[in-house]
Amino acid sequence: MPRLAVDAPAVLSLLEAGHDPVHPLVGTAALRSQVLDLVLGAVRAGRLEEARALALLDDLTSLRVRLLGDRVSRRTAWRLAREHGWATADAEVVAVALLQADALVSGDARLRALVAGVVRLAPLEALTGLGGAPADAP
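Residues numbered from 1 in each chain as written. Predicted model: local features only at pLDDT ≥ 70, side-chain atom pairs only at ≥ 80, totals over all residues. Heavy atoms only, no water.

## Concerning the side chain of D90
Rule in force here: In this description a helix means any DSSP run of H or I spanning at least four residues, a strand means any run of E spanning at least two, and both kinds are numbered starting from the N terminus. Buried means the residue's accessible area, taken with a 1.4 Å probe over protein chains only, is under 20% of the maximum for its type, while exposed means over 50%, and partly exposed covers the values in between. In protein, a polar contact requires one atom able to donate a hydrogen and another able to accept it; more generally it is a pair of N or O atoms within 3.5 Å, and residues adjacent in sequence count only if both atoms are side-chain atoms. Residue contacts follow a heavy-atom distance rule, with two residues in contact if any of their heavy atoms lie within 4.5 Å.
Within the fold, D90 resides in helix α5 (residues 88-100). For D90, a relative accessible area of 11% translates into the label buried. Of note is the side chain of D90, whose polar atom sits 2.9 Å from the side chain of R110. If near-sequence neighbours (up to four positions away) are discounted, D90 is found in contact with R110, L111 and L114.

## A word on the packing of helix α4 (residues 71-84) against α5
Threshold: Note on definitions: angles span 0 to 180 degrees between N-to-C directions of axes, and those axes are lines fitted to C-alpha atoms, for helices only across the stretch in contact. Geometric relationships in this document are graded by angle, where less than 35 degrees denotes roughly parallel, more than 145 denotes roughly antiparallel, 65 to 115 denotes roughly perpendicular, and other angles denote oblique. By convention, the crossing between two helices is left-handed when the near helix turns anticlockwise from the far helix through less than a right angle, and right-handed when the turn is clockwise. Residue polarity follows a fixed list, in which Ala, Val, Leu, Ile, Met, Phe, Trp, Tyr, Cys and Pro are nonpolar, Asp, Glu, Lys and Arg are charged, and the others, Gly among them, are polar.
For the pair α4 and α5, interaxial distance at closest approach is 8 Å and the crossing angle is 120°. Put simply, α4 runs oblique to α5. As for how α4 packs across α5, the hand of that crossing is right-handed. In this structure, α4 contributes V72, S73, T76, A77, L80 and A81 to the contact, and α5 contributes T88, A91, E92, V94, A95, V96, L98 and L99. Residue composition of the contact of α4 with α5, by class: ten nonpolar, three polar and one charged.

Here you go:
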């Protein structure tokens, strides 16, 4: 069973859809805080009601994701950021994917375009098993 690395937009999409992941998930140590920021931003922008936001945050608490922020992940993120000129937050997601996952699932089109060819990508649907196997091998 493949292990999938996820970013905050992918996790939020999964929570909004109300699906349980069908594969083990890994993410950066900052993942839950990043999802919290996305939810708060949606509430502030009027795209999400407060009650629904709080329900999503409750669901986030029970979502099983292995969060990584170890020395090797940080060093790899540093190297990727230096080599590619990326922000460290982007590089951390890619580092976790390269070190601990079979593919990266990102809900951020900008990040997917940025990392294409560096890390294997899988579509959002791969989280729920509703279609889409890992693609875009580096």
